[in-house]
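Listed below are the residues making up each chain.
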Amino acid sequence: MLETEANLGLNQKMNKIGIGLVGCGTVGSGLIRNLPKANPLIGERLGVNLEIRAVAVKDPSKARETLPVPVVADWKKVIADPAVQIVVELVGGTDEAFRISEASLKAGKPLVTANKALLAERGRELLSLAQQSGNPIYFEASVAGGIPVIKVLREGLVANQLLGLHGIINGTSNYILSRMAEAGSDFQTALQQAKDLGYAETDDRLDVDGIDAAHKAAILCLLAYGFLPVFTDIPVEGIRHVSAQEVSFARQLGYVIKLLAVIRPVGSDRVEVRVAPTLLPSRHPMASVHGAFNAIGLIGNLAGPVQLTGRGAGPDATSSALLADLAEAAKNLHDKSPGPLLPKADGKIRLIGKGESVGRFYVRLEVEDRPGVLALVAGIFGAEKIGISSVLQPEGHGAGSVPLVFLLEAAAESSLHKAVALITKLPNCRAPARILRVEDLS
Ligand code: HSE
C-alpha cells in the first residue's frame, strides 16, 4: 500500500467494526488467518476495518491457537456483546444456525453466513425476518467459494433477464470426478483426498449425493428469479453411481461427466431447477474445470453468456467471499446504508412438474449379445419418438452380454423413463439401465 497523504488521512478516520464469530471450524479458521492480510486492503479501499471481538465454539477447551479473543461456548454472549456489530454464522446445519441468525437479526445486527443449507431450506423465514428487522443478510460465501457470483447476480447483471444458469457448484464432487477421469482413482480414495484438503462438508453425503449443489442452485434461483423453490421439490441426483465405466464411455463419445446444476425458465411462470451428473461436450470450456474448481454460466438477455470460474471450496477461497461480505456489511453500517436489496418473490413462479423436463440423455444397458437386440431397443426408443444420436457397443466383453450405450436426442423425461422401463422388461436386457443427463450448453 502506498502511504500517500490521502490514504494516511483516510486511515486516521478509519472506522473499526466489531465482528462476532459463531462457529470456528475449517472456514472460520481460514477467516481468522486471512483477516489480518485483508484488513489493510479493505481499509484502503473502503475506509473501514474489521476486528474480531468475540468467538463462540461448541468446545472452547479445544486448543485454538489462532483465535485472537477469548472463546465462549454460549453463542448468545457473542450476539449480546455490545462490541459486536456484525455476526458471522459458521456453525452449519439448519436448526441452531437458524436460531443464531434469528437472534442476530432481532438484536439489530447484520448477519454474514456461508450456510447454504440454512438459506435453501429456511430462506423464506430468514428473509422475512431480515425484512421485518431491517437488517441485511450477506451470503456470498454460500455459493461457489471464491467466485463472487452472488454480487454478479445482485449487481453486475441486475438489468438482465436471466435466460438460464448452469454450474459446477460442488467442489468435492468435481474433485472426485476429475480424479476418476484423470488419475483413474477410485471413488473412496478421491473422496478421502477431498476431505483432507478441506473441501468436503462435515457430512460428506451432502457433497456426493448432490444436496450441497442443490442448496446452492436454490440460492441462485432466488437471486435470478426471485423464487426460492421448496427444497425437497428439487430433483437431485449425486455421483455415487457414476462408475469408471461411465466416465470411459462418456470419453469415447466425446464427453466428460460433471455434477451439473441447471436453473432455467420454462415459459413465463415456471422454472426448472435440477442437479444431476451430466455429460458435457469435451470441447466446452466447462469440461476443463477440474479439481475443486467451480464454474457458473449465466446467460443475460443483454450481457449474453457470462462464465465465471474459480475455486469453489477450501478455507482461503471461502474466506475471500466472507471478507467481501464483511467489508460490504461494515461499509454499509458505517454509511448507515440499509444494505443489499434481496429479490422480492412475486408468488407466481413455480417449479416445473415431475417428468416435464425436456433434455438429452445417455443410457447404458447391459443386453444379451445376440442378433436383433439392438433393433428391438432402437424400436422402443423410436416408438416413443426419441431419436438416437450415437450408439456404442464395445467388443470383447464376453460372457454372452454386452454394454449398449446410447446418446439420445432431446426428449421429455417422462417419455425417456417410459421407453427405458419397456426396454428393461425385455428378456434380453440383463441389468437395469444407467441414465445420465446430457447438456450441450450451446
Ligand atoms: N463442500 C462444498 C464443496 C464446500 O465441496 O463445494 C463449498 O461450499
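To keep things clear, this report deals only with the structure shown in the data block. The structure displayed is predicted, hence computed values, not measured ones.

### Observations concerning helix α5 (residues 116-133)
Move 1: Compared with an ideal rise of 1.5 Å per residue, which puts 18 residues at 26 Å, α5 spans 21 Å between its outermost C-alpha atoms and falls more than 12% short.
Move 2: Taking the largest bend as the criterion, α5 deviates by roughly 90°, centred on Arg122.
Move 3: All of the buried residues in α5 are Lys116, Ala117, Leu118, Leu119, Ala120, Gly123, Leu126, Leu127, Leu129 and Ala130.
Move 4: Buried residues along α5 sit in contact with β4 (86-89), α4 (95-106), β5 (111-113), β6 (137-138) and α10 (211-225).

### Concerning the site of the ligand
Move 1: Taken together, Lys116, Asn170, Gly171, Thr172, Tyr199, Ala200, Glu201, Asp207, Asp212, Lys216, Gly312 and Ala313 make up the full set of residues adjacent to the ligand.
Move 2: The contact in question runs from a nitrogen atom of the ligand to an N or O atom on the backbone of Tyr199, over 2.7 Å.
Move 3: Between Asp207 and the ligand, the recorded distance is 2.7 Å, taken from a side-chain N or O atom to a nitrogen atom.
Move 4: Elements with a minimum of two residues in the shell around the ligand: α7 (171-182) and α10.
Move 5: Of the residues that constitute the shell around the ligand, the class distribution is 3 nonpolar, 4 polar and 5 charged.

### Side note on the packing of aromatic side chains
Move 1: For the structure shown, the criterion picks out 2 aromatic pairs.
Move 2: A ring pair is formed by Phe381 and Phe406, whose centres lie 5.2 Å apart and whose planes are at 65°; its orientation type is edge-to-face. Placement of Phe381 in helix α13 (residues 373-383) and of Phe406 in strand β15 (residues 401-408) is noted, with a sequence separation of 25 residues between them.
Move 3: The class of Phe381 is buried, set by a relative accessible area of 0%.
Move 4: The ring of Trp75 carries the charged tip of Lys76 above its face, separated from the ring centre by 5.0 Å.
Move 5: Looking at Arg122, its charged tip hangs above the ring of Phe98, at a distance of 3.9 Å from the centre.

### Some points on the packing of helix α6 (residues 149-156) against helix α12 (residues 315-335)
Move 1: Closest axis-to-axis distance for the α6/α12 pair is 11 Å, and the angle between their directions is 40°. When the axis of α6 is compared with that of α12, the two are oblique. Of the residues in α12, those in contact with Lys151, Arg154 and Glu155 of α6 are Ala324, Asp325 and Glu328.
Move 2: Among the residues forming the contact of α6 with α12, the class breakdown is 1 nonpolar, no polar and 5 charged.

### Description of the nonpolar core
Move 1: Ranked by size, the top nonpolar core spans 82 residues in total, and within it Val149 and Tyr225 carry the most contacts.
Move 2: Per-element accounting of this core gives the leading share, 11 residues, to α10.
Move 3: Look past the residues within four positions of Tyr225 in its chain and what remains in contact with it is Leu162, Leu163, Gly164, Leu165, Ile263, Arg264, Pro265, Val271 and Ile349.
Move 4: Judged by nonpolar contacts, the second largest core, of 30 residues, contains Ile86, Leu90, Ala141 and Ala327.

### Let's talk about the sheet that holds strand β2 (residues 48-56)
The strands making up a sheet associate through backbone hydrogen bonding, with each pair oriented either parallel or antiparallel.
Move 1: Spatially, β3-β2-β1-β4-β5-β6 is the arrangement adopted by the 6 strands of the open sheet, whose pairing is parallel. Each having just a single partner strand, β3 (71-72) and β6 make up the two edges of the open sheet.
Move 2: In the sheet, strand β1 (residues 15-22) pairs with β4 via 4 bridges, with the strands oriented parallel. Pairing of Leu21 across the sheet is with Val88, part of β4.
Move 3: The sheet contacts of α4 involve β1, β4, β5 and β6, and relative to β4 the element is tilted by about 170°.
Move 4: Of the strands in this sheet, β1, β2, β4, β5 and β6 touch α12, which is tilted by about 110° from β2.

### Here we look at the environment of Ile17
Move 1: Position of Ile17 among the secondary structure elements: in strand β1.
Move 2: Using a relative accessible area of 4% as the deciding quantity, one classes Ile17 as buried.
Move 3: C-alpha separation for the pair Ile17 and Ala412, spaced 395 residues apart in sequence, amounts to 54 Å.
Move 4: Not counting chain neighbours up to four residues away, the residues in contact with Ile17 comprise Asn49, Leu50, Glu51, Arg53, Gln85, Ile86, Ala330 and Leu333.

### Re a nonpolar patch on the surface
Move 1: Together, Leu374, Ile388 and Val391 give the surface a local cluster of nonpolar side chains, amounting to about 200 Å² of exposed area.
Move 2: Tracing the backbone through its elements, the reader meets Val391 in strand β14 (residues 388-392).
Move 3: On the accessibility criterion, Val391 (39% relative accessible area) is partly exposed.

Conventions we followed
- Residues numbered from 1 in each chain as written.
- Predicted model: local features only at pLDDT ≥ 70, side-chain atom pairs only at ≥ 80, totals over all residues.
- Heavy atoms only, no water.
- Helix = DSSP H or I, 4+ residues; strand = E, 2+ residues; numbered from the N terminus.
- Expected span 1.5 Å × (residues − 1).
- Bend = angle between axes of the 7 residues up to and from the residue.
- Buried < 20%, exposed > 50% of the residue type's maximum accessible area, 1.4 Å probe, protein only.
- Contact = heavy atoms within 4.5 Å.
- Near = heavy atom within 4 Å.
- Polar contact = N/O pair within 3.5 Å; in protein donor to acceptor, adjacent residues only side chain to side chain.
- Nonpolar A, V, L, I, M, F, W, Y, C, P; charged D, E, K, R; others polar.
- Phe/Tyr/Trp six-rings, centres within 6.5 Å; stacked < 30°, edge-to-face > 60°.
- Lys NZ or Arg CZ within 6 Å of the ring centre and 35° of its normal.
- Axes fitted to C-alpha atoms, helices over the stretch in contact; angles between N-to-C directions.
- Parallel < 35°, antiparallel > 145°, perpendicular 65-115°, else oblique.
- Core = buried A, V, L, I, M, F, W, Y, C linked by side-chain atoms within 4.5 Å.
- Pairing = 2+ DSSP bridges.
- Patch = residues over 30% accessible without salt bridge, like charges linked within 9 Å, V, L, I, M, F, W, Y side chains within 5 Å.
- Areas by Shrake-Rupley, 256 points an atom, 1.4 Å probe, with all protein chains shown as cover.
- Salt bridge = Lys/Arg side-chain N within 4 Å of Asp/Glu carboxyl O.

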